[in-house]
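Chain by chain, the residues:
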Amino acid sequence: MSENKDPQKFVYDFTEGNKDLKDLLGGKGANLAEMTNLGLPVPPGFTITTEACKVYLDSGEAPTALRDEVSAHLAALEERMGKRLGQADDPLLVSVRSGAKFSMPGMMDTVLNIGLSDASVAGLATQSGDERFAWDSYRRLIQMFGKTVLGVDGDLFEEALEAAKSAKKVSVDTDLAAADLQKLVKRFKKIVEAEAGRAFPQDAREQMDLAINAVFDSWNTDRAKLYRRQERIPGDLGTAVNVCSMVFGNLGPDSGTGVAFTRDPASGHQGVYGDYLQNAQGEDVVAGIRNTVPLAELESIDKKSYDQLMQIMRTLETHYKDLCDIEFTIERGQLWMLQTRVGKRTAGAAFRIATQLVDQGLIDEAEALQRVNGAQLAQLMFPRFDDDAVTELLGRGIAASPGAAVGKAVFDSYTAIKWSRSGEKVILIRRETNPDDLEGMIAAEGILTSRGGKTSHAAVVARGMGKTCVCGAEDLEVDTKRRRMTVGGRVVEEGDLVSIDGSTGKVYLGEVPVVPSPVVEYFEGRMHAGADDADELVAAVHRIMAYADRMRRLRVRANADNAEDALRARRFGAQGIGLCRTEHMFLGERREMVEKLILADTDDERENALAALLPLQKADFIELFESMDGLPVTVRLLDPPLHEFLPDITELSVRVALAESRKDANENDLRLLQAVHKLHEQNPMLGLRGVRLGLVIPGLFAMQVRAIAEAAAQRKNAKGDPRPEIMIPLVGTVQELEIVREEADRVIAEVQAATGTNLKLTIGTMIELPRAALTAGQIAEAAQFFSFGTNDLTQTVWGFSRDDVEASFFTAYLEKGIFGVSPFETIDKDGVGALVRSAAEAGRATRPDLKLGVCGEHGGDPESVHFFHEVGLDYVSCSPFRIPVARLEAGRAAAQSRGSDSR
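Residues numbered from 1 in each chain as written. Predicted model: local features only at pLDDT ≥ 70, side-chain atom pairs only at ≥ 80, totals over all residues. Heavy atoms only, no water.

Draft legend 1. Main features of the pattern of salt bridges. Overall, the coordinates contain 59 salt bridges when judged by the stated rule. Residues Arg 341 and Asp 325 are paired through a salt bridge, measuring 3.1 Å at the closest nitrogen-oxygen approach. Of this pair, Arg 341 sits in strand S10 (residues 334-342) while Asp 325 sits in strand S9 (residues 324-331), placing them 16 residues apart in sequence. Classification of Asp 325 as buried rests on a relative accessible area of 5%. Here Arg 844 ties to Asp 874 by a salt bridge, and the two come within 2.7 Å at their closest N and O atoms. Residue Arg 844 is found in helix H34 (residues 832-846), and its partner Asp 874 is found in the loop between helix H35 (862-870) and strand S31 (875-878); the two are separated by 30 residues along the sequence. For Arg 844, a relative accessible area of 25% corresponds to the partly exposed category. Given a relative accessible area of 27%, Asp 874 falls into the partly exposed group. (Salt bridge = Lys/Arg side-chain N within 4 Å of Asp/Glu carboxyl O. Helix = DSSP H or I, 4+ residues; strand = E, 2+ residues; numbered from the N terminus. Buried < 20%, exposed > 50% of the residue type's maximum accessible area, 1.4 Å probe, protein only.)

Draft legend 2. The arrangement of the pairing of strand S5 (residues 239-245) in detail. Summarising burial for S5: seven of the seven residues are buried, a large majority. Side chains of S5 alternate between two faces, with Thr 239, Val 241, Val 243 and Ser 245 and Ala 240, Asn 242 and Cys 244 buried alike. Pairing of strand S2 (residues 45-48) with S5, which is carried by four bridges, proceeds in the antiparallel orientation. Paired with Phe 46 across the bridge in S5 is Val 243. The sheet contact formed by strand S3 (residues 94-100) and S5 spans seven bridges and is antiparallel. Bridge assignment links Val 96 to a residue of S5, and that residue is Val 243. (Pairing = 2+ DSSP bridges.)

Draft legend 3. Quick look at the packing of aromatic side chains. Evaluated as defined, the whole model comprises 21 aromatic pairs. Ring geometry for Tyr 522 versus Phe 523: centroids 5.0 Å apart, planes at 45 degrees, classification tilted. For Tyr 522, a relative accessible area of 18% puts it in the buried group. For the pair Phe 800 and Phe 824, a centre-to-centre distance of 6.5 Å together with 50 degrees between the ring planes defines the contact as tilted. Of this pair, Phe 800 sits in the loop between helix H31 (790-798) and helix H32 (802-808) while Phe 824 sits in the loop between helix H33 (810-815) and H34; the two residues are 24 residues apart in sequence, bridging distant segments of the chain. In terms of burial, Phe 800 and Phe 824 fall into one category: buried. Lying across the ring of Trp 219, Arg 228 places its NZ or CZ 3.9 Å from the centre. (Phe/Tyr/Trp six-rings, centres within 6.5 Å; stacked < 30°, edge-to-face > 60°. Lys NZ or Arg CZ within 6 Å of the ring centre and 35° of its normal.)

This is the structure in structure tokens:
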């Protein structure tokens, strides 16, 4: 035991907590306490706090005070139940279950029936009047304890169980008699002794203490750490442990266990949803080992318990104001509530439920925005299978998590991971999944199981990850050892293409073509809300987006380089262009003109090259300003190194060498090769690019500014409303910006005089170098706006070359926990974010009306959008398809801020 210097309470009775103590009691413990407070039928018990877990994980030992606190609460529990843990004649049995703040389904450990032993199993048989039940409970304890606490390979127990069923010529374990289970217990104990090097413990308190430590240890298993990385759950929270008096669903046909949802977690529709299994314990349902019956059938099996459950479900949904996921057990006609939590749901269900709860008056619009997120909206924008395609249907299961997934069939997680890493898309096919399959589930495009239902491990985890999943496809005979699946007379071998539809539960052979999502068609203006399911989803998305647009402060612009992208962005709700990359206008047929500019030896040659480019640039800008009429368009002047417009140095060298060997060398190729060598840099991304180009190549930026100004003047004279903003890239010092701006102001004045227009062009800069961020106060003297180029700022702050590091060592950094997520995907708040924050503050201290935006890829990342709202930027800019996500997250950020302010 480790010494705890600060005395604190480590154990809480279920009567002492509430739902707001999730940090301390974990989600499960807090909600058990809340249900107890509501007067619902919860078996008595107590919760060991996350603080105790943290002490254990830090020191390797439980806090000194913990044993005494557990003893005191156990004594109180024994007093209340009128029996002692593990006593021989009528034993008190308990479960030991994990329960972190955030739900991590199946990732951590649970042990049921603690307190059974060779001495007490007979007492349980006598007390229950059911010898078979007693031995079944004992074999379950040894199996779970052996695997979870002692680290015995779970397959050894499964194989022994299968052998017992085979010997009796039965297919389900409920057909095994008491004598068969008694033999199985002996076999299980031998497995434990052989594999663990010790006998199964007969002392009930030792069982409980070891199980508590095992739950603590399960916080840091590989699968738990992988799940936390996947779901971005902090690693320092620890888990609580819930010790609960056992109630039994395996006492016969008047007993059972189930999982219920107050609404359909797949669609969001109201109704009776869940699974029930007679004569079973809880893990049988979640593991998907036996196929369940729909919850609605409980009404005909046990009307009294069914009616009571429906009332409790209504109570919980009204109390939590959300979809609730409920675990329950019926023991000889008595209903007991074992768990409730806000349920995981699909993306479509999240949007439907949020609007339904608004309509019911349970939540307001601001809260509705907190019930959905950008990742879910992005998922709804994925393509779906074409209903009109010619398909070969293999079978049908339960639609557990929607989406359209196509890939090669694989039958174990190792192969899924291996093939995925080599670039193959795979579908993981299993009889049922278990927590050890998590890494394979992440690697796969979708998951298909032949057993289990909507509440099985595969379904719950897939929904949480937004992964397509079909469960309980009973017609599919999955043979993992032979790596094949049989459906009727058809055999699907490993490597064969299959397609699964998580919205319908259908499984197809081969690749099924996909069509655009109805949500994308809505954003494109090709679909409106109607009566069918897809239209109903679109209606929910439409309402949530309206809530977000009304609430958000951040404006959302697009990164777009041509009129087509600009028009699409505008349909998606863009409020301007935050980044137009002019270098994209110099590709294709225009590359030769840039070559002439680079090869120019005289002022006349250079001016001629620029004069040829001017009308082309002007035409590009006219189209862009027309498509974004009335909205701001930020045009970035030429940024990349000039060598990017020239042929590859190796390719050109070979071409010239071959030509010289044939004595027919091309003069232009020779000049090009000289230019390529002259411009070659060891690190071109930190070399002659951005503002440095404008200062070194006379007339380059002036030509671009003239093209922008003339296009704006022409558009304005045509009664348009152009609003161009000129952005100077890669500025590191205010002197660079002052020189370029002086030239730009001169050119704009000339165009205004020549065209008789008054152009309101603003000139600003990208902040993408650490020095620019650190001297932002000075740079703001010459800049009318800042746009944070967070892609390059991340590279230069971290010292990363993005093209190299993501392939070379980012995977290792993510696995080791150095990154929770790539800093190129989500803004690094502590490093890059600190520079953004300080630059914004310094810039506005110099120029209070300084407009601030961001145009890196972070502008469309949900978590980053919240940060940009917090630091006071005016807008974010992202690719057209990410605009709806950015709009939603900007609204969520504003709603969250208002909620925090009101508290």
